[in-house]
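# Residue-level structure breakdown
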Amino acid sequence: MGGGISKIFDITKKDYLIKESNNKYENNKNYNFRRDTSESDFYSGPNGQVLPAKYKQWIGVNRRNHFIKNARNNKLKNAINQLYRPGSFIGDGGTASVLKFEKRTGLNVGHNGNSHYQKATEMKRYIENKVMKEQLTNKERKLANRLVKKLRSAIVEWRYGI
Amino acid sequence: MRYSELFSSFENLFPEDANVFEELKEKNSVDEEDGMHPLFGLVVVQYLKAFVLKSPVKAQRAFDFFEIMEESDDPMIAEVLEFSVLENILTDEDINYNLWINYCGEETKKAVEKIIKWLSP
């Protein structure tokens, strides 16, 4: 779409917005936009930030609260807090998803193209060496294993490709 | 500045609080062998919250150090600042953005702007 107008799909409202050249966002209802079936140019994440449409499959639901709710052990909670930031909307909101996103899109989330590889590597080691040695419930151990598995998968992909 | 010495360099800025760092490391079961991300994410951020942001002198000392990290030629050093410190303090409901942003140097501010794109502080 040209003429200074872009069509944006708001992932949280499951509705289209259009962005005018004056940067004012309007809900499509005002413009009867619902009948337009053409592809969106951009997709908007839960925080209102916008990603080009080609990355729409990367916008996901942050799993932080779900994981925190299932963890009573403080060190496991620490690890979840480090890996899952509130408001992060790439994949499941965790470092592993962000690292995969960086690898597959070439878009590094950090300043000057910095990536999450080193953080993923060190946090995986922290969970394996410290968190897993804690007295965890079966549910917590399963969760810790799940976090390690996600990180390992992203690290392997980063190193060796898909 | 060497990656493996990042934490000790930061710790040495605050010799008066050496015991605090030891307590935080013990409380979180984290040490140099775990790496700089767990150390900065778990120890430095808690130290910032508890002590640094309550003291303008300490805050300036810390954020001057962070600016050197962000300017480092070693990208791994800036990554620790961005993904284990700035991401943390940007998303911590108990830390007021206006309390620390003015202590940031130019490069750190640019990093903050970039990170905000991917988060909702």
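Conventions we followed
Position numbers for residues start from 1 in each chain and track the written sequence from start to end. Chains carry letters and ligands carry numbers; both start at the beginning, A for chains and 1 for ligands, and go up in the order they are written. Where local features are concerned, this predicted model is filtered to residues with pLDDT of at least 70; where side-chain atom pairs are given and counted, the filter is 80 or more; whole-chain, interface and lining totals use all residues. Here a strand is any run of E in DSSP of at least two residues, a helix any run of H or I of at least four, and the numbering for each starts at the N terminus. To sort residues by burial, count the other C-beta atoms lying within 10 Å of each one's C-beta; a count of 20 or more means buried, 12 or fewer means exposed, and anything in between means partly exposed. C-beta atoms are built from the backbone. In this description, a residue-residue contact is defined by the distance between C-beta atoms placed from the backbone, which must lie within 7 Å. By the convention adopted, Pro, Cys, Tyr, Trp, Phe, Met, Ile, Leu, Val and Ala count as nonpolar, Lys, Arg, Asp and Glu as charged, and the other residues, Gly among them, as polar. Expected helix span is given by 1.5 Å per residue-to-residue step, counting one fewer step than there are residues. Scored from 0 to 100, pLDDT reflects the predictor's confidence in each residue. By convention the nonpolar core is taken to be a set of buried residues drawn from Ala, Val, Leu, Ile, Met, Phe, Trp, Tyr and Cys and joined through C-beta atoms within 7 Å. Every axis corresponds to a line fitted to the C-alpha atoms, with the helix fit spanning only the stretch in contact, and the corresponding angles, defined between N-to-C directions, vary from 0 to 180 degrees. Note that the term roughly parallel is reserved for angles under 35 degrees, roughly antiparallel for angles over 145, roughly perpendicular for angles of 65 to 115, and oblique for everything else.

Helix and strand content of chain A: five helices and five strands. Listing each helix as α and each strand as β along chain A from the N terminus yields β-β-β-β-β-α-α-α-α-α. A burial count over chain A gives 39% of its 162 residues as buried. The long-range fraction of contacts in chain A, counting pairs at least 24 apart against all pairs at least 6 apart in sequence, stands at 52%.

Tallying the contact residues gives 25 residues for chain A and 26 residues for chain B. Going through the elements one at a time, α2 (74-83) and α4 (117-129) of chain A are the ones with two or more residues in the side of chain A that touches chain B. Here the side of chain A that touches chain B takes seven residues from α4 of chain A, the largest share from any one element. Split into classes, the residues belonging to the side of chain A that touches chain B amount to six nonpolar, 13 polar and six charged.

For the rest of this paragraph, the subject is helix α5 (residues 138-160) of chain A. Residue and element names in this part refer to chain A. Between its terminal C-alpha atoms α5 stretches 32 Å, which fits the 33 Å expected from 23 residues at 1.5 Å a residue. Of the residues making up α5, those classed as buried are Glu140, Leu143, Ala144, Leu147, Lys150, Leu151 and Ala154. Among the structural elements, α1 (64-69), α2, α3 (95-105) and α4 are those in contact with the buried residues of α5. Once α5 finishes, Gly161 follows within two positions and takes phi at roughly 85°, a positive value.

What follows deals with the confidence of the model for chain A. Residues and elements named next belong to chain A. Per-residue confidence for chain A gives a mean pLDDT of 80, with 69% of residues at or over 70. Confidence scores differ between elements of chain A, with strand β3 (residues 25-27) showing the lowest mean pLDDT of 49 and α4 the highest of 97. Low confidence marks residues 20-26, where pLDDT is under 50. Its contacts with residues over four positions away, or in another chain, come to eight contacts.

Attention now goes to the environment of Glu106 of chain B. Looking at the secondary structure, you find Glu106 of chain B in helix α7 (residues 106-116). For the pair Glu106 of chain B and Ser72 of chain B, spaced 34 residues apart in the sequence, the C-alpha separation amounts to 13 Å.

This part takes up the nonpolar core. Nonpolar side chains in soluble globular proteins tend to be buried together. Counting residues in hydrophobic clusters, the biggest one holds 57 residues, and the most contacted among them are Ala79 of chain A together with Val44 and Val85 of chain B. In terms of residues, this core owes the most to one element, helix α3 (residues 36-50) of chain B, which gives nine residues. Those residues in contact with Val85 of chain B, other than ones at most four positions away along the chain, are Phe40, Val44, Val45, Phe66 and Val80 of chain B.

Attention now goes to unusual backbone geometry. All names here are of chain B. Unusually for a residue other than glycine, Ser29 sits at a positive phi of about 50°. Inspection of the secondary structure puts Ser29 in the loop between α2 (18-27) and α3. Taking the number of C-beta atoms within 10 Å as the measure of exposure, Ser29 has 18 and is therefore partly exposed.

Turning to the packing of helix α4 (residues 56-71) of chain B against α7 of chain B, a few remarks are in order. Packed helices, taken two at a time, are described by the angle their axes make and the gap between the axes. All names here are of chain B. Where α4 meets α7, the axes come as close as 8 Å, and the angle between the chain directions of the two elements is 75°. One element, α4, and the other, α7, form an angle in the roughly perpendicular class. Residues Phe63, Phe66, Glu67, Glu70 and Glu71 of α4 form the contact with α7, whose participating residues are Glu107, Thr108 and Ala111. Taken together, the residues of the contact of α4 with α7 break down into three nonpolar, one polar and four charged.

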